[in-house]
2 protein chains.
Amino acid sequence: MTSATSLFSPVEADLRLLTENLQNLIGARHPILYAAAEHLFSAGGKRIRPAIVLLVARATMHGQEITQRHRRLAEITEMIHTASLVHDDVIDESATRRGIPAVHSRFSNQVAVLAGDFLFAQSSWYLANLENIEVIKLLSEVIKDFAEGEIQQGLFRFDMGITIESYLEKSYYKTASLIANSSKAAAILSDASEVEAQNLYHYGRNLGLAFQIVDDILDFTGSTESLGKPAGSDLRSGNLTAPVLYALEEKPYLEDLIDREFEQEDDLEQALALVRDSQGIQRARELASHHAKSAIEHLADLPMSESRQALIKLADYVLSRLY
Amino acid sequence: MTSATSLFSPVEADLRLLTENLQNLIGARHPILYAAAEHLFSAGGKRIRPAIVLLVARATMHGQEITQRHRRLAEITEMIHTASLVHDDVIDESATRRGIPAVHSRFSNQVAVLAGDFLFAQSSWYLANLENIEVIKLLSEVIKDFAEGEIQQGLFRFDMGITIESYLEKSYYKTASLIANSSKAAAILSDASEVEAQNLYHYGRNLGLAFQIVDDILDFTGSTESLGKPAGSDLRSGNLTAPVLYALEEKPYLEDLIDREFEQEDDLEQALALVRDSQGIQRARELASHHAKSAIEHLADLPMSESRQALIKLADYVLSRLY
């Protein structure tokens, strides 16, 4: 299996620089933020989001060097992502992230709120200083979508009325919006045509959805060790994802278990077994595969390049995590 | 004594509309956010910041109607302020705000983080859609300054090495930056000259500093009832403000009490008595008065109008809170 990191070889040097910059930026101000920064930026993050921005930048510059503004956009993307993770963990009360304690458990809610706010604030400021209204609008849309996603996640907890469409909408807000809008923004900074920029938006949108669906499947098929959190965490917290929504169509008893919010012993284990025994996981795989293919199709008009190939392989890689 | 609210009569109708808009905006999405919104926007906030934006807008439109973008800027200003208060209370673990429970104590840390993020996100989005790079830069500077202020406040806790200059810097980040930059932004949206916009920046900056210094004095001279929080709260938490910094020059024993972080019984009471017995409060009053006067001086070139008069009276009002 290819690793995500090996796909990023065209932008490896830029990614290394980005990690250093971010660590210094957040760390320089305060000892406790320094500790939080080390914790955040050395926790095995794959830098997938900034890598996509840098790859799109290269692919749309058609052989010319990418600009300092592209690199800044990649940093903004990673900062917004990290800020949202840190606050997400406070909101969801998740104790761990990527297998190690979350910032709020390792330090405190206070440090987590502060570190997240600092990252959001710094990214807004960097963004304003890109001095491109269209790019500013795209990324501020992302920040708004994150908040909307959090609200929907709270709203729909244990709600079996949720459809696959509203599940995809929530996944867009939580995951795909950032990838879609930052890909489009990278194309805009390359002076790409409106059509090209829009294609890259759809590449990012579909890739992000595939990515989220795969993540949601792994919550059922992965081990605690490979996930870095207990398997079944989503279901336990009432976050009903694609495999469950499909499984509900075949397994009526699953509804009872969810309805009583797994309050009886073994309820959660039974529910997990029902989902695993259903067509839910297979159907969710097909959904992810559909979006990954659609992502690749939106690259069709982009001239051939090493970076375009990496973007294509990334969509394959997302699916390969399932096997 | 004039009340702040009566000064705002030129913009009263706009302020009423703004309060309704904000309550609907945050409240429409989720029952718990609706409750938080009611809690936030009916908690006796004086709407001083949006009122200043609206007054500056009128004063710089020289008799013409203010625009929809001015009104939007006023909303953004109040949203950023409110978001920062909500997160501030989580970071400081303050149990109350304006005499009633803070959002995180009334609801939870989760709701407070979410409500603050939602307000920051919405304000970034509104801001981007004002489509004025200079205004976007000014307000994103404010968001960055808030985070910087929080970090400094954490950094300097119980630190007697802090000077009046670094105290004023922190007060700028925490309070004056928003008033200064939003006043300037309102002038820019009126197509004011660079000099006029800069004067309004300095009006806001000095007014904001006076406001913060007065607030810090009231922590020593006010009653728990009038403050809506226990008197001496700042000192207790190690936030050393102007009256303390001046008092330290006369009362060496105060240093011992602060140095041991009030760990012995009656330490805090003794420290409060030492500050009240010193010239600290009087000297802080003079500092506030200096900044209030400087604020008014920066309005000298603005043509006479009802709104200009209200801005002048506001600087007097800030000082009148002390008597």
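Labelled according to an unreviewed UniProt entry, chain A appears under the name Solanesyl diphosphate synthase, originating from Leptolyngbya boryana NIES-2135. Among the UniProt annotations of chain A, the heading Cofactor (unreviewed entry) holds the following wording: "Mg(2+)". Under the heading Sequence similarities (unreviewed entry), UniProt records this for chain A: "Belongs to the FPP/GGPP synthase family."

Caption draft 1: How the structure looks around the packing of helix α4 (residues 48–60) of chain B against helix α5 (residues 68–92) of chain B. Residue and element names in this part refer to chain B. One way to put it is that α4 packs onto α5 with a least axis distance of 8 Å and a crossing angle of 155°. As the angle between them shows, α4 and α5 are arranged roughly antiparallel. Handedness of the α4/α5 crossing: right-handed. Taking contact as the criterion, the partners of R49, P50, V53, L54 and A57 in α4 are, on α5, H70, R71, L73, A74, T77, E78 and H81. Of the residues contributing to the contact of α4 with α5, the split by class is six nonpolar, three polar and three charged.

Caption draft 2: Quick peek at the packing of aromatic side chains. Counted according to the given criterion, the structure contains six aromatic pairs over all chains. Considering the side-chain rings of A:W125 and A:Y126, the 6.2 Å spacing of their centres and the 40° angle between planes classify their relative orientation as tilted. The ring of B:W125 carries the charged tip of A:K144 above its face, separated from the ring centre by 3.9 Å.

Caption draft 3: Region of the structure containing the interface of chain B and chain A. Contacts between the two partners involve 36 residues from chain B, matched on the other side by 36 residues from chain A. With both sides pooled, the region where chain B packs onto chain A buries about 3300 Å², and carbon together with sulfur makes up 68% of that total. Its largest share of buried area at the contact with chain A, chain B owes to B:Q110, B:W125 and B:I151, together 17% of the area lost on that side. In this assembly, chain B and chain A are joined by two salt bridges. With a closest N to O distance of 2.3 Å, A:E131 and B:K137 form a salt bridge. Listed by contribution, the elements that provide at least two residues to the side of chain B that touches chain A are α3 (31–41), α5, α7 (109–128) and α8 (133–155) of chain B. It is α8(B) that provides the largest number of residues to the side of chain B that touches chain A, a total of 13 residues. Grouping the amino acids of the side of chain B that touches chain A by side-chain chemistry returns 17 nonpolar, 10 polar and nine charged.

Caption draft 4: Representation of the relation of the copies chain B and chain A. Overlaying chain B with chain A gives an RMSD of 0.0 Å, the required rotation being 180° about an axis along which the chain moves by 0.0 Å. Between the two chains, the operation in question is that of a two-fold axis.

Cut-off values and rules
- Residues numbered from 1 in each chain as written.
- Chains lettered and ligands numbered in written order.
- Predicted model: local features only at pLDDT ≥ 70, side-chain atom pairs only at ≥ 80, totals over all residues.
- Heavy atoms only, no water.
- UniProt positions renumbered as here; feature names shortened; annotations may be inferred.
- Axes fitted to C-alpha atoms, helices over the stretch in contact; angles between N-to-C directions.
- Helix = DSSP H or I, 4+ residues; strand = E, 2+ residues; numbered from the N terminus.
- Parallel < 35°, antiparallel > 145°, perpendicular 65-115°, else oblique.
- Left-handed = near helix turned anticlockwise from the far one by under 90°.
- Contact = heavy atoms within 4.5 Å.
- Nonpolar A, V, L, I, M, F, W, Y, C, P; charged D, E, K, R; others polar.
- Phe/Tyr/Trp six-rings, centres within 6.5 Å; stacked < 30°, edge-to-face > 60°.
- Lys NZ or Arg CZ within 6 Å of the ring centre and 35° of its normal.
- Buried area = accessible area lost by both parts, 1.4 Å probe.
- Salt bridge = Lys/Arg side-chain N within 4 Å of Asp/Glu carboxyl O.
- Least-squares fit on C-alpha atoms with pLDDT ≥ 70 in both.

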